[in-house]
Amino acid sequence: MLRLWGRLSSINVRKVVWAAQELGLPLQRTDAGGQFGLVREAAYLQRNPNGLVPLMEDDDTGLVLWESNAIVRYLCARHSAGKLYPEELPARFVAEQWMDWQQTTLNPAGRDAFIQWIHTPAAQRNSALLAGSGAATERLLDRLEALLPPAPVAP
């Protein structure tokens, strides 16, 4: 069983949940962080000294991981080697590069829109932040679309 701590209002938790769903993996998720707390408790901090979400435990291996991209890489390598996680080093590191791009470039561009849509009540949303963040994200997604090879078509 895979156990995950984190709230769905965290983009990094959503990323891990999405990867698990794509891989067809059962996942037991516990709300943590934000209004749910838990992340400052001693037992949690022993497993994740950063006190952030997500935190994943793989009961089958005893592995504990606490960075979203590391968790996604682990899940893909363990459960989808050669498919979602390439085995050949050149292809694998192109995938790694895009994961890092997502974390360092795409996430910051979309952060304001995410916060406005997910964490801010509708009456308090800042339309300028939404528009700017949305435009920045769209430019990056257009770049991604132009640079990635087309997905293979299923027979």
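Figured I'd write up the structure that's included with this text. Treat the numbers as computed from the prediction; the structure is a model and nothing was measured. (Residues numbered from 1 in each chain as written. Predicted model: local features only at pLDDT ≥ 70, side-chain atom pairs only at ≥ 80, totals over all residues. Heavy atoms only, no water.)

1. A closer look at the nonpolar core
Residues M56 and L75 are the most contacted members of the largest nonpolar core, which totals 24 residues. Those elements that place two or more of their residues in this core are β1 (2-5), α1 (11-22), β3 (55-58) and α3 (68-79). Discounting chain neighbours no more than four positions away, the residues touching L75 are L2, V16, L23, L25, M56 and S80. In terms of nonpolar packing, the next biggest core, distinct from the first, is built from seven residues, W101, A136, L140 and L144 among them. (Core = buried A, V, L, I, M, F, W, Y, C linked by side-chain atoms within 4.5 Å. Buried < 20%, exposed > 50% of the residue type's maximum accessible area, 1.4 Å probe, protein only. Helix = DSSP H or I, 4+ residues; strand = E, 2+ residues; numbered from the N terminus. Contact = heavy atoms within 4.5 Å.)

2. Some remarks on the packing of aromatic side chains
Ring pairs (aromatic) are described by centroid distance and by the angle formed between their planes. Enumeration over the complete set of coordinates arrives at one aromatic pair. Consider the rings of W98 and W101, whose centres lie 5.0 Å apart with planes at 80 degrees: the pair is edge-to-face. With W98 and W101 both in helix α4 (residues 89-119) and three residues apart, the pair spans about one turn of that helix. Residue W98 shares its accessibility class with W101, and that shared class is buried. Residue placement shows R47 over the ring face of W5; its charged tip is 4.6 Å from the ring centre. (Phe/Tyr/Trp six-rings, centres within 6.5 Å; stacked < 30°, edge-to-face > 60°. Lys NZ or Arg CZ within 6 Å of the ring centre and 35° of its normal.)

3. Regarding α4
With 31 residues, α4 should cover 45 Å at 1.5 Å per step; its first-to-last C-alpha distance of 39 Å lies more than 12% under that length. Of all the bends found along α4, the most pronounced is centred on N107 and spans about 50 degrees, while P108, a proline, follows it within four residues. Within α4, the full set of buried residues consists of E96, W98, M99, W101, Q102, L106, N107, A109, G110, A113, F114 and Q116. Among the structural elements, α1, α3 and α5 (127-147) are those in contact with the buried residues of α4. (Expected span 1.5 Å × (residues − 1). Bend = angle between axes of the 7 residues up to and from the residue.)

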